[in-house]
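Here are the chains, one letter per residue:
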Amino acid sequence: MNFFSSDFKLGILGGGQLGKMLLQETRKFDIQTRVLDPSEEAPCKVGSDYFEVGDLMDYQTVMEFGRKADVLTIEIENVNLDALEALEEEGIKVYPPTKSLGIIQNKATQKLFYTDHEIPTAPYSRYAYTSEIADSIRNGGQEFPFVWKSARFGYDGQGVKIVRNQADLESLPNVECIAEELIPFKNELAVIVARSASGEISSYPVVEMEFHPEANQVEYVICPARIAPEVEKKAREVALRVSEAIGQVGLLAVELFQTEEDEILVNEVAPRPHNSGHFSIEGSFTNQFEQHLRAVLGFPLGNTDSKLAGVMVNLVGEEGYQGPVVYENIEEILAMKGVTPHIYGKRLTRPFRKMGHVTVVNHDLSTAREIAEEVKQKIRVISKEKQE
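The rules behind these values
Residues numbered from 1 in each chain as written. Predicted model: local features only at pLDDT ≥ 70, side-chain atom pairs only at ≥ 80, totals over all residues. Heavy atoms only, no water. Helix = DSSP H or I, 4+ residues; strand = E, 2+ residues; numbered from the N terminus. Rg over C-alpha atoms; globule rule 2.2 N^0.38 Å. Buried < 20%, exposed > 50% of the residue type's maximum accessible area, 1.4 Å probe, protein only. Contact = heavy atoms within 4.5 Å. Areas by Shrake-Rupley, 256 points an atom, 1.4 Å probe, with all protein chains shown as cover. Arc of directions from axis to C-beta. Expected span 1.5 Å × (residues − 1). Polar contact = N/O pair within 3.5 Å; in protein donor to acceptor, adjacent residues only side chain to side chain. Core = buried A, V, L, I, M, F, W, Y, C linked by side-chain atoms within 4.5 Å. Pairing = 2+ DSSP bridges. Axes fitted to C-alpha atoms, helices over the stretch in contact; angles between N-to-C directions.

K.L.:
Give a detailed account of the overall build of the chain, specifying residues and quantitative values.
P.N.:
Secondary structure summary: the chain contains 12 helices and 21 strands in total. By the compact-globule yardstick of 21 Å for 388 residues, the chain fits well, its C-alpha radius of gyration being 21 Å. Taking the principal axes of the C-alpha coordinates as reference, the chain spans close to 65 × 55 × 50 Å. Buried positions account for 56% of the 388 residues belonging to the chain. Taking all contacts inside the chain whose residues are at least 6 apart in sequence as the whole, residues at least 24 apart take part in 63%. When the accessible area of the chain is evaluated, it comes to approximately 16800 Å², of which 47% is carbon and sulfur surface.

Here it is as structure tokens:
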């Protein structure tokens, strides 16, 4: 099939910032794109050949959209799985495959998959409703503290909470969930794995993630991770095992815990380009978005080696501000060497909303980390309108 400068159409379900950055790669190769997103103001509205507004969870909407594409991929997991299965049966290529996506969409199913395939992960209990946890605690089953995770529809730190007492538990929504053992860990790591439709597989270097203590969002991503070579090797091996076991086609971001004993446990996965891979845009020979495109179209995978050390800083809406966005002091960071801001195209900011990121590259990782800290201190994502 001729993909470049042809009538071939790549369909993308979801029109957020990940889709926008993927579109930059499709423009590079002159691949026609169709994007479906529920928001008329989605970042992908600019850059796609055809943009449609529609509900990603609506069966008929996804069916009608998918029939207009030759290959269908996602930039968000929360899509109608029944429609994707029906499209596969009609001969539309859907990547990731619906079988893989069905495992990943539900965190409880995902954890069960790890257990069944002997993939190391934190011990957990599964509950049909959050209210069942209180009964388990009263009967001596579940103990505080634990990590509560909504089985579905969690993103950007939403749907995850450390529960230390009864008051924490009572504040949670009554939904299908898991209660995961609170693991004491040294580091939170991640590996981006690419697996093509032809079965070729490769991984990016292990990255280290530093989280915002309140928002439960990644604040910095550091590449390469500051870990021993044997830990790096183990982390990449575990990530590759997950990708192959799950049958992923495209990218799979595998989030990991490095325990105090240097064991590697799988936290959770995302079947798409991921925040932990943004460093690759400036830092790698092949960035994660081009790699995802190569994988779902069946092309040879690109070189995942890093050109330079990289640190990614997330730009999120500052507390106390909601309204039209203002990037305060952005001129100052543009004057810094090796610093590249990426603005996602969201006109309205609110506390902790992901509005962009900044990549810092340098020959020396320590220097890159210092510059990233300086960037974080300088730039503020605010609005002229104070939040009431």
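K.L.:
Tell me what's going on with helix α2 (residues 59-66), and back it up with residues and numbers.
P.N.:
Within α2, the full set of buried residues consists of Val62, Met63, Phe65 and Gly66. Mapping the buried residues of α2 onto a view down its axis gives an arc of 170°, with all of them on the same face. Looking at the buried residues of α2, the elements they touch are β1 (9-13), β2 (32-37), β3 (50-53), β4 (71-74) and α3 (81-89).

K.L.:
An account of helix α1 (residues 17-29) is needed here, citing residue identities and associated values.
P.N.:
The end-to-end C-alpha distance of α1, which contains 13 residues, comes to 19 Å, matching closely the 18 Å that a straight helix rising 1.5 Å per residue would cover. Elements in contact with the buried residues of α1: β1, β2, β4, α9 (280-283), α10 (288-297) and β20 (354-362). Following α1 by one or two positions, aspartate 30 has its phi on the positive side, about 55°.

K.L.:
Explain the side chain of threonine 286 to me, using residue names and the numbers behind them.
P.N.:
The residue threonine 286 is located in the loop between α9 and α10 in this model. Given the relative accessible area of 5%, threonine 286 is considered buried. When sequence neighbours within four positions are dropped, the list of residues in contact with threonine 286 reads Tyr204, Ser280, Gln291, Arg294, Gly302 and Asn303.

K.L.:
I'd like to hear about the environment of serine 171, residue by residue, with values.
P.N.:
Within the element layout of this structure, serine 171 appears in the loop between α7 (166-170) and β9 (177-181). In this structure the side chain of serine 171 is engaged in a polar contact, spanning 2.7 Å, whose partner is the backbone oxygen of aspartate 168.

K.L.:
Can you explain the environment of alanine 69? Please cite residues and give values.
P.N.:
Tracing the backbone shows alanine 69 in the loop between α2 and β4. Note on alanine 69: relative accessible area 4%, which makes it buried. As a C-alpha pair, alanine 69 and glycine 11 span 58 residues in sequence and 5.2 Å in three-dimensional space. Once residues lying within four places of it in the same chain are set aside, the contact partners of alanine 69 are Lys9, Gly11 and Ile92.

K.L.:
Explain the nonpolar core residue by residue, including any values.
P.N.:
Grouped together as the largest cluster of nonpolar side chains are 23 residues, with contacts concentrated most on Leu189, Val254, Leu256, Val266 and Val269. Secondary-structure elements contributing two or more residues to this core are α4 (98-105), α5 (107-116), β10 (185-195), α8 (229-246), β14 (250-259) and β15 (264-270). Those residues in contact with valine 266 that sit more than four places away from it in its chain are Tyr114, Ile119, Pro120, Thr121, Ala122, Val238, Val242, Val254, Glu255 and Leu256. If you look at the next biggest cluster of nonpolar residues, it comprises 21 residues, including Val311, Val313, Ile333 and Ala368.

K.L.:
Give a description of the sheet that holds strand β8 (residues 160-163) that names residues and reports values.
P.N.:
The strand order β6-β9-β7-β8 describes an open sheet built from 4 strands, whose pairing is antiparallel. Since the sheet does not close on itself, it has two edges, and those belong to β6 (124-127) and β8, each with one partner. Looking at each pair of strands side by side, their axes are set apart by 20° on average, direction ignored. Bridge analysis of β6 against β9 gives 4 bridges, and the strand direction is antiparallel. Considered in β9, the bridge of arginine 126 is made with isoleucine 178.

K.L.:
An account of the sheet that holds strand β19 (residues 348-349) is needed here, citing residue identities and associated values.
P.N.:
With antiparallel pairing, the 3 strands of this open sheet are ordered in space as β19-β17-β21. In this open sheet, the two strands that pair with only one neighbour each are β19 and β21 (380-383). Relative to β19, strand β17 (residues 323-328) runs antiparallel, the two sharing 2 bridges. Pairing of proline 324 across the sheet is with leucine 348, part of β19.

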